[in-house]
Amino acid sequence: MDGMKQLVTEAILENLQIPECSPPWKSTPVIKVADLGCAIGPTTFFQVQNIVDEVELKYCGNSQIPEFQVFFNDLTSNDFNTLFS
């Protein structure tokens, strides 16, 4: 899993653009993450947590930390409830 975390970190550092400052009247920025084919068990949560951690580190001190919305999706034949057990 460390290899995937490194890829996520590099992608966020290279591609995420953060505005210098947000006017006070603007709402909190929202970052949406979708896992389209989530794994059974905690694996998918670890990956999402890696994304959230790296984005928060990049925002640190620069701007308002965004709100995160995470969407999980999988095949209807898979038991989605096992993701949360």
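Our subject is the structure listed above.
Residues numbered from 1 in each chain as written. Predicted model: local features only at pLDDT ≥ 70, side-chain atom pairs only at ≥ 80, totals over all residues. Heavy atoms only, no water.

Peer 1: What's the story with the overall build of the protein in this structure? I'm lost.
Peer 2: Scanning the protein for helices and strands turns up 2 helices and 2 strands. From first element to last, N terminus to C terminus, the protein shows the α and β order α-β-α-β. Taken over 85 residues, the protein has a buried fraction of 24%. Long-range pairs, those at least 24 residues apart, make up 82% of the contacts in the protein between residues at least 6 apart in sequence. Accessible surface computed for the protein: about 6,100 Å², of which carbon and sulfur atoms make up 57%. (Helix = DSSP H or I, 4+ residues; strand = E, 2+ residues; numbered from the N terminus. Buried < 20%, exposed > 50% of the residue type's maximum accessible area, 1.4 Å probe, protein only. Contact = heavy atoms within 4.5 Å. Areas by Shrake-Rupley, 256 points an atom, 1.4 Å probe, with all protein chains shown as cover.)

Peer 1: Mind showing me how you'd approach the packing of aromatic side chains here?
Peer 2: The way to describe two aromatic rings as a pair is by their centre distance and the angle between their planes. One pass over the full model with this rule turns up 1 aromatic pair. Considering the side-chain rings of Phe45 and Phe72, the 5.4 Å spacing of their centres and the 75 degrees angle between planes classify their relative orientation as edge-to-face. Of this pair, Phe45 sits in helix H2 (residues 43-59) while Phe72 is found in strand S2 (residues 67-73), placing the two residues 27 residues apart along the sequence. (Phe/Tyr/Trp six-rings, centres within 6.5 Å; stacked < 30°, edge-to-face > 60°.)

Peer 1: What am I meant to see in helix H1 (residues 2-15) here?
Peer 2: The end-to-end C-alpha distance of H1 is 20 Å, a good match for the 20 Å that 14 residues give at a rise of 1.5 Å each. Among all positions in H1, only Val8, Thr9 and Ile12 are buried. Down the axis of H1, the sector holding all buried residues measures 100 degrees, keeping them to one side. In this structure, H1 carries Leu7, Glu14 and Asn15 as exposed residues pointing more than 90 degrees from its buried face. The inward-facing, buried residues of H1 contact H2. (Expected span 1.5 Å × (residues − 1). Arc of directions from axis to C-beta.)

Peer 1: Is there a simple way to think about H2 in this case?
Peer 2: Since one α-helical turn is 3.6 residues long, residues separated by three or four positions face the same way. In a regular helix each residue adds 1.5 Å, so 17 residues correspond to 24 Å; H2 covers 25 Å between its end C-alpha atoms and thus fits that length. Looking at the buried side of H2, the elements it contacts are H1, strand S1 (30-36) and S2.

Peer 1: Would you mind going over the pairing of S1 with me for this structure?
Peer 2: The two faces of the sheet receive side chains in turn, since in a regular strand these alternate between them. Here S1 shows a clear split, with Ile31, Val33 and Asp35 buried on one side and none of Val30, Lys32, Ala34 and Leu36 buried on the other. Across 7 bridges, the pairing between S1 and S2 is parallel. The residue of S2 that forms the bridge with Ala34 is Phe71. (Pairing = 2+ DSSP bridges.)

Geometric descriptors of this kind do not, in isolation, establish any biological role.
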